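Summary of the model geometry
Here is what each chain is made of, one letter per residue.
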Amino acid sequence: MARSLSDAIGPSRADTLLGTAAPAALHPLTLRPYRMRLMADTRSPIVFPHRHLLGIEALSAPDILHLLDMAEEAVALSRQVEKKRSILRGRTQINLFFENSTRTQASFEIAGKRLGADVMNMSVANSSVKKGETLIDTAVTLNAMRPDIIIVRHQESGAVDLLSRKVDCSVVNAGDGSHEHPTQALLDALTIRRNKGRIEGLTVAICGDVAHSRVARSNMLLLARLGARVRVVAPSTLLPAGVDRLGVEVHRNMRDGLRDADIVMMLRLQLERMSGAFVPSLREYARFYGLDEEKLAYAKPDALVMHPGPMNRGVEIDTAVADGPRSLITEQVEMGVAVRMAVLEALAQNLPN
Ligand code: NCD
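The notes below deal with the structure included here. Numbering of residues starts from 1 in every chain and runs along the sequence as written. The predicted nature of this model means local features are confined to residues of pLDDT at least 70 and side-chain atom pairs, given and counted, to a pLDDT of 80 or more, with totals for whole chains, interfaces and linings taken over all residues. Note that water and hydrogens are dropped before the side-chain values are worked out from all heavy atoms of the structure.

Description of the environment of Asn143
- Put simply, DSSP H or I for four residues or longer makes a helix, DSSP E for two residues or longer makes a strand, and each gets a number counted from the N terminus. With respect to the element layout, Asn143 can be found in helix H5 (residues 135–144).
- The sequence separation of Asn143 and Asp168 amounts to 25 residues, and the corresponding C-alpha distance is 6.8 Å.
- Contacts were defined at the residue level, with two residues in contact if any of their heavy atoms lie within 4.5 Å. Excluding residues that lie within four positions of it along the chain, Asn143 makes contacts with Lys166, Val167, Asp168 and Cys169.

What follows is the structure, encoded as structure tokens:
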């Protein structure tokens, strides 16, 4: 069986990908290594220099572009009938989810299985954590079972970083509190690049509950690193402290925030992370900050709409927009699997044999 995604797709894919069917989207900076790899049908000479993926913060622009290019190959592979590869054969992947999740956990599970790993799902509902075991005890116990990769989601910011220091395997952050959600930002970037052809120079408006959103934080870091112009749009109560220092433009109303935007990224109102009254009422919030056709008209005529899901329909986004022709929401889900395959493959290249 083929060992890497490049091997799997083979040189014949190069024609398709480099001909008229080439993803319009390839950033000029990334086109060259991507072409070279496909045409030469060899492994990338660029090594992903990280043992874990804990956040976007630790990634350089070339690291990010490398993952996006690998993910392009995973998209092609995932659209074939035969999707199964053996890059992770013999490897054990544990999905350790302390917080409820449907799409992210399923996405990591499919990604791991597609690459041949043995995937074990462990959710907090049936774990000893309910019996009082600490995060560290759980980490040490799982580590003794000799997994190769652990995917962790936890409700506390910093918990995944802490866990990564207690285990011998690679750790991927699948969302920690309101800190980071790196694979979401990577899949968003891949979706944007495929639809707009680039990221550099685009205006991206991230709207809604920025204060509680790890998706917003990872996206702000990634998009800024790749040269996009990033705006956040929210009422003052939903902006994080020190937002002015994050190097983004801050707007408190949708009309100004969406003006001339290329991408409108909506965020879920994170009701479970709110301990006080952050918005007067959901109806009021929807009226001023919910994305409907009328507010979308403030953005560029070809602006596209994104949402990480799950959506509160009728609150931060109207159904007509979410399911409309300018919505990329379903494509984001497809790109999620591809990006996670790329991350798993990149980390697997650094695992001891
Ligand atoms: C996001 C998350 O969990 O941070 N969702 C996801 O990854 N599917 C966004 C959210 O919960 O609103």
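Section: the layout of surface pockets
- Quantified by volume, the largest pocket comes out at close to 400 Å³.
- Looking at the largest pocket, it is lined by 20 residues, and the ones nearest its centre are Arg153, Arg214, Arg268, Gly309 and Pro310.
- Listing elements by their share of the lining of the largest pocket, those giving two or more residues are helix H4 (103–114) and helix H8 (214–225).
- For the lining of the largest pocket, the per-class residue count stands at four nonpolar, nine polar and seven charged. We place a 1 Å grid over just the protein atoms. Points where a 1.4 Å probe fits but has no way out form a cavity, open points with protein on both sides within 12 Å along at least 5 of 7 lines form a pocket, and any residue with an atom within 4 Å of a point lines it. Grid points are joined across faces, edges and corners, and a volume is the space filled by probe spheres set on the points. Amino acids outside the nonpolar list (Ala, Val, Leu, Ile, Met, Phe, Trp, Tyr, Cys, Pro) and the charged list (Asp, Glu, Lys, Arg) are all regarded as polar, and Gly is one of them.

Regarding the sheet that holds strand S9 (residues 304–306)
- Being paired, for any two strands, means DSSP has found at least two bridges between them. As summarised here, the arrangement of the five strands in space is S7-S6-S5-S8-S9, forming an open sheet in which the pairing is parallel. Two strands close off the open sheet at either side, each with one partner strand: strand S7 (249–251) and S9. Within the sheet, the average angular offset between the axes of one strand and its neighbour, ignoring direction, is 20 degrees.
- Of the pairings in the sheet, the one linking strand S6 (residues 229–233) to S7 comprises three bridges and is parallel in character. Residue pairing across strands places Val232 opposite Val250, the latter belonging to S7. Interaxial angle, 0 to 180 degrees, is taken between N-to-C directions of lines fitted to C-alpha atoms, where a helix line uses only the stretch in contact.

So, the nonpolar core
- Among the nonpolar cores identified, the biggest contains 92 residues, and Leu186, Ile206, Leu222, Leu223, Leu258, Val264 and Leu291 are the most heavily contacted of them.
- The biggest single contributor to this core is helix H13 (residues 329–348), with twelve residues.
- When near neighbours in sequence (up to four residues on either side) are disregarded, Val264 contacts Ala205, Cys207, Leu258, Leu291, Leu296, Ala299, Leu304, Val305 and Met306.
- Core analysis: the second largest hydrophobic core is formed by 16 residues, Met122, Val124, Leu135 and Val152 among them. Here, nonpolar core means buried Ala, Val, Leu, Ile, Met, Phe, Trp, Tyr and Cys residues that are tied together by side-chain atoms lying within 4.5 Å of each other. Only protein chains enter the accessibility calculation, which uses a 1.4 Å probe; a residue whose area is less than 20% of its type maximum is buried, one above 50% is exposed, and one in between is partly exposed.

As far as function goes, none of this settles anything; it's purely spatial.
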